[in-house]
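# Reading the structure
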Amino acid sequence: MHVVNADGLIVVDKPGGVTSHDVVARVRRLARTRRVGHGGTLDPMATGVLVIGVNRATRLLTYVIGADKSYTATIRLGQATVTDDAEGDVTSTTPAGRLTDDGIRSALAALTGEIDQVPSAVSAIKINGQRAYKRVREGESVELPARRVTVSRLDVLAIRREQPDVVDVDVDVACSTGTYIRAIARDAGLALGVGGHLTALRRTAVGGFRLAEAVTLDELERRAPDLVDLPLAVAAQRFFPRRDASADEAKVLSHGGPLDPVGLPGPYAVFDPAGGLIAIVSERAGRARAEIVLAPA
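Computed from a predicted model, the values in this text were never measured in an experiment. (Residues numbered from 1 in each chain as written. Predicted model: local features only at pLDDT ≥ 70, side-chain atom pairs only at ≥ 80, totals over all residues. Heavy atoms only, no water.)

## Focus: the overall build of the protein chain
- Secondary structure assignment for the protein chain yields eight helices and 18 strands.
- Reported as C-alpha extents along the three principal axes, the dimensions of the protein chain are approximately 70 × 50 × 40 Å.
- Relative to its full complement of 297 residues, the protein chain shows a buried share of 48%.
- The long-range fraction of contacts in the protein chain, counting pairs at least 24 apart against all pairs at least 6 apart in sequence, stands at 68%.
- Entry remark: accessible area of the protein chain is about 13,900 Å², with carbon and sulfur atoms responsible for 50%.
- Side chains of the protein chain carry 37 positive and 36 negative charges; the gap between the two charge centres is 5 Å. (Helix = DSSP H or I, 4+ residues; strand = E, 2+ residues; numbered from the N terminus. Buried < 20%, exposed > 50% of the residue type's maximum accessible area, 1.4 Å probe, protein only. Contact = heavy atoms within 4.5 Å. Areas by Shrake-Rupley, 256 points an atom, 1.4 Å probe, with all protein chains shown as cover. Lys, Arg positive; Asp, Glu negative; His and termini not counted. Charge placed at Lys NZ, Arg CZ, Asp CG, Glu CD.)

Below, the structure is given as structure tokens:
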């Protein structure tokens with residue numbers, strides 16, 4: 001029996017039509033461990049970068065979830081849907097052929113920078129302990145509070161007029177965590193008076209993890225059970241600033257004790273003299289304290 005007890009991250013290129021949880025379930029089976037999680041949900045329709053953590057690396061996923069994201073997407077103007085994407089029923093249609101390219105560009109430009117965005121009603125956000133999408137499916141009308149997000153880049157790649165009454169806009173977006181690209185499509189459509197929804201979404205980066213290094217589920221099937229691309233120490237070094245600890249410091253930190261600060265605000269990764277990852281640390285009040293200790297017990 002081949003036992004692999006690897007700790008680390010896998011950058012998966014999620015296919016369309018499966019949930020992020022489906023991918024986690026597949027990796028659990030292939031890696032033969034229950035300790036698998038993902039670093040930020042992608043809608044079933046969406047494809048692209050889904051960061052999967054295996055074993056101890058699941059503890060890094062909190063940080064991955066908080067990282068900036070990049071996407072390519074297609075916004076269809078002229079139709080609104082209940083989900084703000086192509087999965088949901090069309091709720092209104094308004095001919096969009098009269099829209100000018102300049103008008104479309106300026107509506108999208110208005111949705112960049114720091115904005116207060118109302119998340120899509122059909123989303124995984126919990127309202128009084130129940131997910132919003134469940135309430136919508138049960139016929140409730142759901143009002144979610146706006147939240148402050150940052151859209152640092154929203155480039156229009158193409159404006160296509162291939163059908164008479166709709167306009168398809170291909171965009172490239174970089175944004176903070178918690179930004180809904182579906183909500184950008186909805187809000188651009190609202191601003192232009194024609195409605196809008198997302199017909200395609202591909203996540204191209206999560207933090208420093210990019211599509212170029214992502215593997216497909218088929219590739220994972222072939223590699224099983226050796227799935228981890230980025231062992232724990234390598235993954236941490238990719239994602240965090242690095243601090244090297246002396247043998248004495250490593251001992252203190254691995255037992256949860258504080259170190260002297262070095263002027264890195266954090267969070268940063270601390271490595272032992274052999275190059276093993278000990279902890280993720282942040283500095284405050286004159287001490288460097290572990291947020292999570294990862295050294296093997």
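Moving on, there is more to tell.
## Quick word on the sheet that holds strand 15 (residues 242-244)
- In spatial order, the strands read 15-16-17-18; together these four strands make up an open sheet with mixed pairing. Strands with a single pairing partner mark the edges of an open sheet, and in this sheet they are strand 15 and strand 18 (287-293). With direction set aside, neighbouring strand axes in the sheet form an average angle of 40°.
- Of the pairings in the sheet, the one linking strand 15 to strand 16 (residues 268-271) comprises three bridges and is parallel in character. (Pairing = 2+ DSSP bridges. Axes fitted to C-alpha atoms, helices over the stretch in contact; angles between N-to-C directions.)

## Concerning the nonpolar core
- Leu77, Leu108 and Val169 are the most contacted members of the largest nonpolar core, which totals 32 residues.
- Residue assignment for this core shows that the elements contributing at least two residues are strand 4 (69-77), helix 3 (101-109), strand 10 (147-163), strand 11 (166-175), helix 5 (181-191) and strand 12 (196-206).
- Contact partners of leucine 108, with chain neighbours within four places excluded, come to Ile75, Leu154, Val156, Val169, Val171, Ile184 and Ala188.
- By size, the runner-up hydrophobic cluster in this structure holds 24 residues, among which are Leu61, Val206, Phe209 and Ala235. (Core = buried A, V, L, I, M, F, W, Y, C linked by side-chain atoms within 4.5 Å.)

## Here we look at the UniProt feature "domain: tRNA pseudouridylate synthase B C-terminal" (unreviewed entry) in the protein chain
- In this structure's numbering, the residues bearing the UniProt feature "domain: tRNA pseudouridylate synthase B C-terminal" (unreviewed entry) are residues 182-222.
- Across residues 182-222, the secondary structure splits into 39% helix and 32% strand, with the terminal C-alpha atoms separated by 34 Å. (UniProt positions renumbered as here; feature names shortened; annotations may be inferred.)

## Details of helix 1 (residues 20-31)
- Relative to the 16 Å expected for 12 residues at 1.5 Å per residue, helix 1 spans 16 Å between its end C-alpha atoms, a close match to the ideal helical length.
- Within helix 1, the full set of buried residues consists of Ser20, Val23, Val24, Val27, Leu30 and Ala31. The arc that holds every buried residue of helix 1, seen down its axis, measures 130°, which confines them to one face.
- Packing partners of the buried residues in helix 1 comprise strand 1 (8-14), strand 2 (36-38), strand 3 (47-54) and helix 6 (217-223).
- Directly after helix 1, the chain includes arginine 32, whose backbone phi takes a positive value near 60°. (Expected span 1.5 Å × (residues − 1). Arc of directions from axis to C-beta.)

## Comments concerning the pairing of strand 10
- For strand 7 (residues 113-117) and strand 10, the ladder comprises five bridges, and the chain directions are antiparallel. When the sheet's bridge partners are listed, glutamine 117 is paired in strand 10 with arginine 147.
- The pairing of strand 10 with strand 11 spans nine bridges and is classified as antiparallel. Note on strand 11: the bridge partner recorded for isoleucine 159 is valine 169.

## Quick look at unusual backbone geometry
- The omega angle of the peptide bond from alanine 224 to proline 225 is 0°, so this bond is cis rather than trans.
- For proline 225, the location among the structural elements is in the loop between helix 6 and strand 14 (230-231).
- In the segment running from glycine 266 into proline 267, the intervening peptide bond is cis, with an omega of 0°.
- Positive phi values are uncommon outside glycine, yet arginine 32 reaches one of about 60°.
- With respect to the helices and strands, the residue arginine 32 is situated in the loop between helix 1 and strand 2.
- Phi at alanine 285 is positive, roughly 50°, even though this residue is not glycine.

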